[in-house]
Amino acid sequence: MKKTITTRLTVPTASLSEEGGHAYLQSLINTVAEDLAEENGYASVEYLDHKLEEGYLDTADADHLSFVVSYEVELH
């Protein structure tokens, strides 16, 4: 059975600039996918999409950005 889950990923703004921007963010997203599979015993975890957290301008500070990341997971 497959279902869609979301998680929040908070990234230091400086890291995005220093570590290569989108490629760095994608590597973090992939690491979270691996962790989700390992911690929850999912048969598969597939990255679907990411976006800035809704209302982030109200809650963000200059040092961090928060993303909502969606994955499709398959249970054993």
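Above: the structure in question.
All of the points below concern the structure found in this document.

Let's talk about the overall build of the protein chain
Within the protein chain, the secondary structure is distributed over three helices and three strands. Counting from the amino terminus, helix and strand elements in the protein chain follow one another as β-α-α-β-α-β. Within the protein chain, the fraction of its 76 residues that count as buried is 25%. In the protein chain, 66% of the contacts between residues at least 6 apart in sequence involve partners at least 24 apart.

Re the nonpolar core
If you look at the biggest cluster of nonpolar residues, it comprises 13 residues, and the most contacted ones within it are Leu25 and Tyr71. For this core, the elements supplying multiple residues, two or more each, are strand 1 (2–12), helix 2 (22–40) and strand 3 (64–74).

Regarding the pattern of salt bridges
This model, assessed by the stated rule, comprises two salt bridges. A salt bridge links arginine 8 to glutamate 53; its shortest N-O distance comes to 2.9 Å. Of this pair, arginine 8 sits in strand 1 while glutamate 53 sits in the loop between strand 2 (44–52) and helix 3 (56–59), placing them 45 residues apart in sequence. Relative accessible area serves as the criterion here: at 51%, arginine 8 is assigned to the exposed category. For glutamate 53, a relative accessible area of 19% corresponds to the buried category.

As for the environment of tyrosine 47
By the element assignment, tyrosine 47 lies in strand 2. With a relative accessible area of 26%, tyrosine 47 lands in the partly exposed category. Taking the C-alpha atoms as reference points, tyrosine 47 and serine 70, separated by 23 residues in sequence, lie 6.3 Å from one another. Polar side-chain contacts of tyrosine 47 include one of 2.6 Å to the side chain of histidine 50.

Here's the deal with the sheet that holds strand 3
Strand order in the open sheet formed by three strands is 1-3-2, and the pairing between neighbours is antiparallel. Lying at the two open borders of the sheet, with one neighbouring strand each, are strand 1 and strand 2. Each adjacent strand pair in this sheet contributes to an overall mean axis angle of 25°, direction not counted. Sheet strands in contact with helix 2 are strand 1, strand 2 and strand 3, and its direction is about 130° off that of strand 1.

Description of the side chain of serine 15
You can see serine 15 is positioned in helix 1 (residues 13–18). The class for serine 15 is buried, based on a relative accessible area of 16%. When residues no more than four places from it in sequence are discounted, the contact partners of serine 15 are Gly20 and Tyr24.

The rules we used
Residues numbered from 1 in each chain as written. Predicted model: local features only at pLDDT ≥ 70, side-chain atom pairs only at ≥ 80, totals over all residues. Heavy atoms only, no water. Helix = DSSP H or I, 4+ residues; strand = E, 2+ residues; numbered from the N terminus. Buried < 20%, exposed > 50% of the residue type's maximum accessible area, 1.4 Å probe, protein only. Contact = heavy atoms within 4.5 Å. Core = buried A, V, L, I, M, F, W, Y, C linked by side-chain atoms within 4.5 Å. Salt bridge = Lys/Arg side-chain N within 4 Å of Asp/Glu carboxyl O. Polar contact = N/O pair within 3.5 Å; in protein donor to acceptor, adjacent residues only side chain to side chain. Pairing = 2+ DSSP bridges. Axes fitted to C-alpha atoms, helices over the stretch in contact; angles between N-to-C directions.

By themselves these figures say nothing about function.
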